[in-house]
Amino acid sequence: MPSRKKTAMFASAFFTCVCSFVMICVVLATQHWMSSQVRFSGTNSSVTVSLTYGLFSGTCEQFVDAGLQVSEKTFQVADNLSKTKAKSMITAIIVILVLSLLSSLLSSGFSCTNAVSNPYQTFLGPTGVYTWNSLCGIFVLTAMILFPVNIEENGLSVELAHGCFSFLHTHIKSAHTYGYSYWIMLLIIFLNIASIIIIYFYDHARYYKKKEQERPIENAPKDVILF
């Protein structure tokens with residue numbers, strides 16, 4: 001059976017891993033990644049399309065400078081994208097987040113296993129927890145980088161606006177605000193770092209304790225050594 005210290009440390013790591021898993025589910029499920037105000041020139045007046053969307057769906061509504069407002073409607077992100085590059089990047093982000101979800105699940109499993117037992121295989125111990133937490137953090141960070149690239153380089157919001165209202169003319173400018181679904185990923189990275197730090201402190205303490213146990217003769221009294 002593991003010591004109380006080991007159980008407490010790995011239980012704490014398990015808690016942060018589970019929190020990370022739940023947060024990734026929230027990121028995938030919620031549709032508040034981006035809020036955009038996309039402005040287009042019209043025949044007599046300019047038009048502003050307001051968008052709020054995530055990886056799968058979103059809402060859009062249209063405002064005309066003359067005061068006309070088109071009622072809000074829901075759209076599917078994949079259906080509104082005509083550019084293959086923008087669509088491929090959204091798909092890549094979803095796949096990466098699913099991989100991070102699996103990594104977080106494995107990290108939770110490894111942490112729970114170490115909290116209640118002493119695995120014989122090295123990879124099932126702290127090494128495994130380090131590995132899966134690191135991979136989860138890397139995947140989430142990659143998703144955080146790819147999404148803004150898709151917005152700026154591939155004109156994701158502009159494409160989605162055209163998908164909502166096909167009669168729009170020349171794009172003038174856009175204003176973007178990242179929503180809570182996007183910023184939660186930063187919290188996920190911090191949770192993964194916290195898990196790694198917790199296990200590092202346990203592993204570090206165990207290493208020095210093992211070193212001390214390997215050198216009992218150096219700390220023994222001289223009379224015992226002579227005997």
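A. Structural view of the overall build of the chain. When helices and strands are counted, the chain shows eight helices and five strands. Shown N-terminal to C-terminal, the secondary structure of the chain runs as helices and strands in the order α-β-β-β-β-α-α-α-α-β-α-α-α. In the chain, which comprises 227 residues, the proportion classed as buried is 41%. A separation threshold of at least 6 residues defines the contact pool for the chain, and within that pool the share at least 24 residues apart is 69%. Surface accessibility of the chain: about 12,600 Å² in total, with carbon and sulfur atoms responsible for 65%.

B. Broad picture of the nonpolar core. Grouped together as the largest cluster of nonpolar side chains are 42 residues, with contacts concentrated most on Leu51, Phe147 and Met185. Taken together, the elements giving at least two residues each to this core come down to helix H1 (4-29), strand S1 (34-40), strand S2 (47-53), strand S3 (57-64), helix H3 (84-116), helix H4 (126-153), helix H5 (156-164) and helix H6 (180-213). With seven residues, H3 is the single largest residue contributor to this core. Ignoring sequence-local partners within four residues, the contact set of Leu51 consists of Met34, Ser35, Ser36, Val38, Thr59, Cys60, Phe75, Ser157, Leu160, Ala161 and Cys164. The next biggest cluster of nonpolar side chains, apart from the first, holds nine residues, and it includes Phe10, Trp132, Ile198 and Tyr202.

C. Quick look at H5. Most of H5 sits out of view: seven of its nine residues are buried. Of all the positions in H5, only Leu156, Ser157, Val158, Glu159, Leu160, Ala161 and Cys164 are classed as buried.

D. The packing of H3 against H4, seen in detail. Across the interface, H3 lies against H4 with an axial gap of 8 Å and an inter-helix angle of 160 degrees. Looking at the two axes, H3 sits roughly antiparallel to H4. The two elements H3 and H4 cross, and the hand of that crossing is left-handed.

E. Quick peek at the environment of Ile184. Looking at where Ile184 falls in the secondary structure, it is placed in helix H6. For Ile184, a relative accessible area of 15% puts it in the buried group. A C-alpha to C-alpha distance of 6.9 Å links Ile184 and Met23, two positions 161 residues apart in sequence. Non-local contacts of Ile184, meaning those with residues more than four positions away in its chain, are made with Met23, Val26 and Val27.

F. Representation of the confidence of the model for the chain within the structure. Overall, the prediction assigns the chain a mean pLDDT of 84, with 85% of residues at 70 or greater. Helix H8 (residues 222-226) is the least confidently modelled element of the chain, averaging 47 in pLDDT, while H4 averages 92, the highest of any element.

Thresholds, definitions, all that
Residues numbered from 1 in each chain as written. Predicted model: local features only at pLDDT ≥ 70, side-chain atom pairs only at ≥ 80, totals over all residues. Heavy atoms only, no water. Helix = DSSP H or I, 4+ residues; strand = E, 2+ residues; numbered from the N terminus. Buried < 20%, exposed > 50% of the residue type's maximum accessible area, 1.4 Å probe, protein only. Contact = heavy atoms within 4.5 Å. Areas by Shrake-Rupley, 256 points an atom, 1.4 Å probe, with all protein chains shown as cover. Core = buried A, V, L, I, M, F, W, Y, C linked by side-chain atoms within 4.5 Å. Axes fitted to C-alpha atoms, helices over the stretch in contact; angles between N-to-C directions. Parallel < 35°, antiparallel > 145°, perpendicular 65-115°, else oblique. Left-handed = near helix turned anticlockwise from the far one by under 90°. pLDDT = per-residue confidence, 0-100.

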